[in-house]
Amino acid sequence: MRILVTGGAGFIGSNFVHLTVATRPDVEVTVLDAMTYAGSRASLAGVDDRVRLVEGDVADASVVDPLVRESDAVVHFAAESHNDNSLDDPWPFVQTNLVGTFTLLEAVRRHDVRYHHISTDEVYGDLELDDPARFTETTPYNPSSPYSSTKAGSDLLVRAWVRSFGVAATISNCSNNYGPRQHVEKFIPRQITNVIDGVRPKLYGDGLNVRDWIHVDDHNRAVWTIIDRGAIGETYLIGADGEVDNKTVVRDILELMGRGADDYDHVTDRPGHDRRYAIDSTRLRTELGWTPEFGSFRDGLAATIEWYRDNEDWWRPMKAATEEKYAATQTVVA
Ligand code: NAD
Ligand code: TDX
């Protein structure tokens, strides 16, 4: 099987490539990645000899078309992925997430290639803290940010291309991922690397916002389950029952790293900050038989802290510029 992995030099895509190389010797992997600030060759270290890396833009049909033509399946991870960046400058999100997905869909339509679309639970908007509801495959779309609205738009393009053109596609909407090789702009790696640097973690607003955490390997095992056994045209939600509020995450990181649990700052809140995400993944579990392998979030977090301690060469080059950018908009409020 020849598989085209877009965004394979980013966080989730590179972990997908490592998992694939380790568990599927029969799969030939080509990565298409524009190597933006979020893409890193170092994320593919150790699998370079099994993977072809093509540097290019998913919105460029002249690059995408021949790569899709020679593939048996496309897994589309490439995106502009950070909410804070989308508030600062939304245009790259429209271009990559919408035009990029359109370009891939046209190519898989032309060449009749199986397509799996990676998306997020943020397309459903947010839930109140005391709402017993969780997102399901039938929850109406209600995105809040430029990031989540462009992801929502890309999902709708996929649904239309399935219905109107018979494209053989599946979609997955996953909750917040954590694990190795996540950019230090994101919540968990930002705080771990701050603590390593002797800087106090930064909590947005009151810190009571809830995210539903899943280890990136559990996400990627679910993606393979859907590629193998998912019904064409269907959407599957991926989540591991990992709801935790941000304050608890920061306190866990501080404790696991041997610091006082209250040794953090509250900073300016994110505009439009979604309150809570929660996934009901019953469909994926009952229809396709997937279950997460990581037992507890705290164990996964401890392993992730170890990874950042052991791989400073990987994250150090991006740390200073990331914090400089945050410093321009965020101030300590408590
Ligand atoms: P990331 O920002 O770490 O990686 C994105 C990758 O895409 C980078 O390697 C980047 O260079 C590449 N890229 C960006 N624009 C491109 C373009 N125009 N052409 C080709 N490559 C381009 O993101 P991530 O966290 O790994 O997210 C991957 C996917 O998973 C995204 O589609 C995201 O919406 C989705 N997702 C992420 C999470 C999460 O918690 N991180 C949760 C659910 C879904
Ligand atoms: O320094 C911080 N302090 C803080 O309190 C940062 C960077 C974030 N936060 C908060 C904001 C969120 O409530 O932590 C939570 C997680 O923030 P992010 O890591 O920016 O993730 P989020 O906005 O929830 O989106 C993530 O999950 C869904 C990914 O970035 C998306 O790509 C994915 O679709």
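Reference entry: report on the structure contained in this document. Think of each chain on its own: its residues are numbered from 1, step by step along the sequence as written. Throughout, the order in which chains and ligands are written sets their labels, letters from A for the former and numbers from 1 for the latter. pLDDT decides what is reported in this predicted model: residues at 70 or higher carry local features, side-chain atom pairs at 80 or more are listed and counted, and totals for whole chains, interfaces and linings draw on all residues regardless. To get the side-chain values, all heavy atoms of the structure are used, and hydrogens and water are removed first.

Description of the overall build of the protein chain
A count of helical and extended segments in the protein chain gives 11 helices and 13 strands. For a compact globule of 334 residues, the expected C-alpha radius of gyration is about 20 Å, and the protein chain comes in at 19 Å, within 12% of that figure. Along the first, second and third principal axes, the C-alpha set of the protein chain runs to 55 × 45 × 40 Å. The buried share among the 334 residues of the protein chain stands at 56%. When contacts within the protein chain are restricted to residue pairs at least 6 apart in sequence, those whose partners lie at least 24 apart make up 81%. Of the roughly 13500 Å² of accessible surface on the protein chain, a fraction of 50% belongs to carbon and sulfur atoms. Charge assignment: positive for Lys and Arg, negative for Asp and Glu; neither His nor the chain ends contribute. By convention, the charge on Lys lies at NZ, on Arg at CZ, on Asp at CG and on Glu at CD. Charge centroids of the protein chain, computed over 34 positive and 53 negative side chains, lie 1 Å from each other. Going along the chain from the N terminus, every DSSP run of H or I of four or more residues is numbered as a helix, and every run of E of two or more is numbered as a strand. Here the globule rule reads 2.2 Å times residues to the power 0.38, and the radius of gyration is calculated from C-alpha atoms. For every residue, the accessible area (1.4 Å probe, protein chains only) is compared with the maximum for its type, and the residue is labelled buried under 20%, exposed over 50%, or partly exposed between those bounds. Here, two residues are considered to be in contact whenever any of their heavy atoms come within 4.5 Å of each other. Residue-level accessible areas treat just the shown protein chains as cover; the underlying method is Shrake-Rupley with a 1.4 Å probe.

Re the sheet that holds strand E2 (residues 28-33)
Pairing between strands is defined by DSSP: at least two bridges between them are needed. Pairing in this open sheet of 7 strands is parallel, and the strands run E3-E2-E1-E4-E5-E6-E11 from one edge to the other. Both edges of this open sheet fall to strand E3 (51-55) and strand E11 (235-238), since each of them pairs with a single strand only. When the angles between neighbouring strand axes are averaged without regard to direction, this sheet yields 20 degrees. Pairing of E2 with E3, which is carried by 5 bridges, proceeds in the parallel orientation. From the neighbouring strand, Val 31 faces E3, where its bridge partner is Leu 53. Comment: axis = line fitted to C-alpha atoms, over the contacting stretch for helices; angle = value between 0 and 180 degrees taken between N-to-C directions.

Re the pairing of E2
In terms of burial, E2 is largely enclosed, as 5 of its 6 residues are buried. Examined bridge by bridge, strand E1 (residues 2-6) and E2 share 5 bridges and lie parallel to one another. Bridge pairing links Val 5 to Val 31 in E2. If you view a crossover with the strands going away from you and the path from the first strand over the helix to the second runs clockwise, you call it right-handed. In this fold, E1 hands off to helix H1 (residues 11-23), which returns the chain to E2; that crossover is right-handed.

Describing the packing of aromatic side chains
Planes of paired rings set the category: under 30 degrees apart is stacked, over 60 is edge-to-face and the rest tilted, where pairs are Phe, Tyr or Trp rings (Trp by its six-membered ring) whose centres lie within 6.5 Å. Per the stated rule, a full pass over the model turns up 14 aromatic pairs. Put simply, the rings of Tyr 178, Phe 187, Trp 213 and Phe 297 touch in pairs and so form one group of aromatic residues. Lying across the ring of Trp 224, Arg 24 places its NZ or CZ 3.9 Å from the centre. To sit over a ring, a charge needs its Lys NZ or Arg CZ within 6 Å of the ring centre and within 35 degrees of the ring normal.

A word on helix H10 (residues 297-310)
Here H10 is 14 residues long and its end C-alpha atoms lie 20 Å apart, about the 20 Å a rise of 1.5 Å per residue gives. Buried within H10 we find Phe 297, Gly 300, Leu 301, Thr 304, Ile 305, Trp 307 and Tyr 308. One face of H10 carries all of its buried residues, which in axial projection span an arc of 160 degrees. Residues of H10 that are exposed and point more than 90 degrees away from the buried face comprise Asp 299 and Asp 310. Of the surrounding elements, those touching the buried residues of H10 are strand E7 (177-178), helix H6 (187-196), strand E12 (243-245), helix H8 (246-256) and helix H11 (312-329). To estimate the expected span of a helix, subtract one from its residue number and multiply by 1.5 Å. To obtain the arc, one takes the directions from the helix axis to the C-beta atoms.

Brief notes about the site of ligand 1
Here a residue is considered near a molecule or strand provided that any single heavy atom belonging to it is located within 4 Å of it. Of all residues adjacent to ligand 1, which total 28 residues, the nearest are Ile 12, Asp 33, Ser 81, Tyr 147 and Lys 151. In protein, a polar contact means a hydrogen-donor-capable atom and an acceptor-capable atom, both N or O and within 3.5 Å, with residues adjacent in sequence counting only if both atoms are side-chain atoms; elsewhere, any N or O pair within 3.5 Å suffices. Between Ile 12 and ligand 1, the recorded distance is 2.8 Å, taken from a backbone N or O atom to an oxygen atom. Contacts to ligand 1 include Lys 151, whose side-chain N or O atom sits 2.7 Å from an oxygen atom. Surface burial for ligand 1 is 96%, taken as the share of its 840 Å² of free accessible area covered by protein chains. For the shell around ligand 1, the secondary structure elements donating two or more residues are H1, strand E5 (114-120) and helix H5 (146-165).

Examining unusual backbone geometry
Phi at Met 35 takes a positive value of approximately 50 degrees, unusual for a residue other than glycine. You can see Met 35 is positioned in the loop between E2 and E3. At Arg 181, a position not held by glycine, the phi torsion is positive, near 65 degrees. Note on placement: Arg 181 falls in the loop between E7 and H6.

Quick notes on the side chain of His 18
Counting through the fold element by element, His 18 comes out in helix H1. Residues in contact with His 18, not counting those within four places in the same chain, are Ser 43, Leu 44, Ala 45, Val 47 and Arg 181.

Describing the pattern of salt bridges
We count a salt bridge whenever a side-chain nitrogen from Lys or Arg sits within 4 Å of a carboxyl oxygen from Asp or Glu. Scanning the model with the defined rule gives 29 salt bridges in all. Residues Arg 110 and Asp 65 are paired through a salt bridge, measuring 2.7 Å at the closest nitrogen-oxygen approach. Of this pair, Arg 110 sits in helix H4 (residues 91-111) while Asp 65 sits in helix H2 (residues 61-69), and the two are 45 residues apart along the sequence. A relative accessible area of 15% places Asp 65 in the buried class. One salt bridge in this structure joins Lys 202 and Asp 265, with 2.7 Å as the shortest N-O distance. Residue Lys 202 is located in strand E8 (residues 202-204), and its partner Asp 265 is located in strand E13 (residues 265-267); the two are separated by 63 residues in the primary sequence. With respect to class, Lys 202 is no different from Asp 265; both count as buried. Here the salt bridges do not stand alone but share partners, grouping Arg 200, Lys 202, Arg 259, Asp 263 and Asp 265 into one network.

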